Amino acid sequence: MAQAIAAQARPESFADLAEQVSPAVVNITTSTVVAANSDTMPMVPEGSPFEDFFREFRDRGGNQDRPRRTSALGSGFVISEDGYIVTNNHVIERADEIIIEFYEGGELEAEVIGTDPKTDIALLKVEPDEPLPFVSFGDSDGARVGDWVMAMGNPLGQGFSASAGIVSARNRALSGTYDDYIQTDAAINRGNSGGPLFNMDGEVVGVNTAILSPNGGSIGIGFSMASNVVTRVVNQLKEYGETRRGWLGVHIQDVSDDVAEAIGLDEARGALVTDVPEGPAREAGMEAGDVILSFDGEDVADTRELVRRVGNAEVGKTVRIVVFRNDGTETLKVTLGRREEAEGAVPAAQPGGGVDGEAVEGEVLGMTLSPVTDELREQLELDDDATGLVVKDVDPLAEAHEKGMRAGDLVTEAGQQKLMSLSDLETRIEEAREAGRKSLLLLVRRAGEPRFVALSLDADE
């Protein structure tokens, strides 16, 4: 019975689908002028008897030192009858000339409308004499593991080619902030980059971007950037010639089980704010130690989801953000900035607001700690207003060492309250125990970068 059902689910042929969508798939040829490579000639020791021979050989070549033109191949697809074409950024990056070859014959030169290296997407434009056949984007969120898909493109420069497979996995992340890849076993090879991944309705659900392979060829693990990501990027490139992503202005980390327990959160969820530099979030009253649970009416599972939601939000939009703070929730209204304008800005230092604590060392939670002194400020290159407890040593057998605490770290907060002295830390420990907590949350800075660390209170008994 199961075999009969599987046989019915499997399409008898992909021929109708291929015939329907092929006219919109294009081959892309790029050419680039590169500088001469002075390293192409053999290296010989100065004074060698072969030195004159190779110099004469190079001079006879004449053109060896001149710039030369190189070419590369890729794929793409037409998304409008007036000639907009989508491909990968790496296919056309640094190209001096881009030639589009159409399935039914003919070539046109393309211009670059805009690119987005973060998602590896580029939008091109040609000027056709008549309307072009095109394909539409589908809903990649509707693609399920096991669904049939078909990849088309120009693998290894062999020309138009189709390959079929299934969706192997969803929501894969490779290395980028906005990664949302569909994994497929449809054969994808070099030259397929930028080509479309179709569902059985002839809609583009992904842009073929990368493969996982030990030898450079397809082994059945290919990745296509999800169409719902690509659609937003393409719309912005078409309208602005660049991307315009929302920016919240916080540093965040995932909420682990021990961190959730330390702050009294019912489960490990949301995004823990480790720092709030100058920006939209600080203006709205967000604080380090807040856990972002909801963004613009949607629950936030982890940091990756928050980054995507913020990036997809409209610049200048005012959104409601629900944060967990002091055993309860608060709703903040934040007007988002633009990420592209904020990138490269140096995060503001956390304000100190105090004087040096007493210069007394002590061992707490497996660490030897000392209040910040002028001498330690100079040694560790801390800001003039830096306050807290400096880690001078960590017991290699302690939980603190296991969780990455090292000499030179600066502990600025415990239990989401500022530390000025060892007595402050001891007070936070007692308060946590009285509240029934099993761990204490520390805000730690290393080279100015903040992170939260939850340490078990058993370590101090």
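Above: the structure in question.
A brief report on the enclosed structure follows. As the structure is a computational prediction, the values presented were derived from the model and not from experiment.

Moving on to the pattern of salt bridges. Inspection of every chain in the model, using the stated rule, returns 23 salt bridges. A salt bridge links R325 to D290; the nearest nitrogen and oxygen atoms lie 2.7 Å apart. Here the residue R325 occupies a position in strand β19 (residues 318–325), and D290 occupies one in the loop between α7 (280–283) and β17 (291–295), the gap between them amounting to 35 residues. As far as burial versus exposure is concerned, R325 and D290 are alike and both buried. The closest approach of N and O atoms between E330 and R325, which form a salt bridge, is 3.3 Å. Classification of R325 as buried rests on a relative accessible area of 10%. Here the salt bridges do not stand alone but share partners, grouping E242, R244, R338, E340 and E341 into one network.

Let's shift gears to unusual backbone geometry. The backbone of D120 shows a phi angle near 60°, a positive value even though the residue is not glycine. Here D120 shows up in the loop between β6 (111–116) and β7 (121–125). A relative accessible area of 13% means that D120 is categorised as buried. Its identity is not glycine, yet D296 carries a phi of approximately 55°, on the positive side. Mapped onto the secondary structure, D296 falls in the loop between β17 and β18 (298–299).

Attention now moves to the packing of aromatic side chains. Under the defined criterion, the tally for this structure stands at 4 aromatic pairs. Note on F77 and F137: the rings are 5.9 Å apart at their centroids and 75° apart in plane angle, and the pair reads as edge-to-face. Placement of the pair is F77 in strand β2 (residues 68–78) and F137 in the loop between β7 and β8 (148–153), with a sequence separation of 60 residues. Under the relative-accessibility criterion, F77 is labelled buried at 0%. Note on F137: relative accessible area 23%, which makes it partly exposed. A cation over an aromatic ring shows up here: K238 above the ring of Y84, its NZ or CZ 4.6 Å from the ring centre. The ring of Y240 has R244 sitting right over it, with the charged end atom 3.8 Å from the ring centre.

Attention now moves to the nonpolar core. Within the largest apolar cluster, 26 residues are counted, with the highest numbers of intra-cluster contacts made by V86, M150 and F198. Of all the secondary structure elements, the ones that give two or more residues to this core are α2 (15–21), β3 (84–88), β7, β8, β12 (204–211), β13 (222–226) and α5 (227–240). Residue contributions to this core peak at 5 residues, all from α5. Excluding residues that lie within four positions of it along the chain, F198 makes contacts with V21, V25, V135, W148, V149, M150, M152, E203, V204 and V205.

Reading around the barrel, the 6 strands line up as β8-β9-β10-β13-β12-β11 and close back on themselves, with antiparallel pairing between neighbours. Taking the axes of each pair of neighbouring strands and ignoring which way they run, one obtains an average angle of 45° across the sheet. Sheet analysis places β8 next to strand β11 (residues 196–198), joined by 2 bridges and oriented antiparallel. By the bridge assignment, A151 is partnered in β11 with L197. Sitting on the sheet, α5 touches β12 and β13, and the angle it makes with β13 is about 50°.

Parameters at a glance
Residues numbered from 1 in each chain as written. Predicted model: local features only at pLDDT ≥ 70, side-chain atom pairs only at ≥ 80, totals over all residues. Heavy atoms only, no water. Salt bridge = Lys/Arg side-chain N within 4 Å of Asp/Glu carboxyl O. Helix = DSSP H or I, 4+ residues; strand = E, 2+ residues; numbered from the N terminus. Buried < 20%, exposed > 50% of the residue type's maximum accessible area, 1.4 Å probe, protein only. Phe/Tyr/Trp six-rings, centres within 6.5 Å; stacked < 30°, edge-to-face > 60°. Lys NZ or Arg CZ within 6 Å of the ring centre and 35° of its normal. Core = buried A, V, L, I, M, F, W, Y, C linked by side-chain atoms within 4.5 Å. Contact = heavy atoms within 4.5 Å. Pairing = 2+ DSSP bridges. Axes fitted to C-alpha atoms, helices over the stretch in contact; angles between N-to-C directions.

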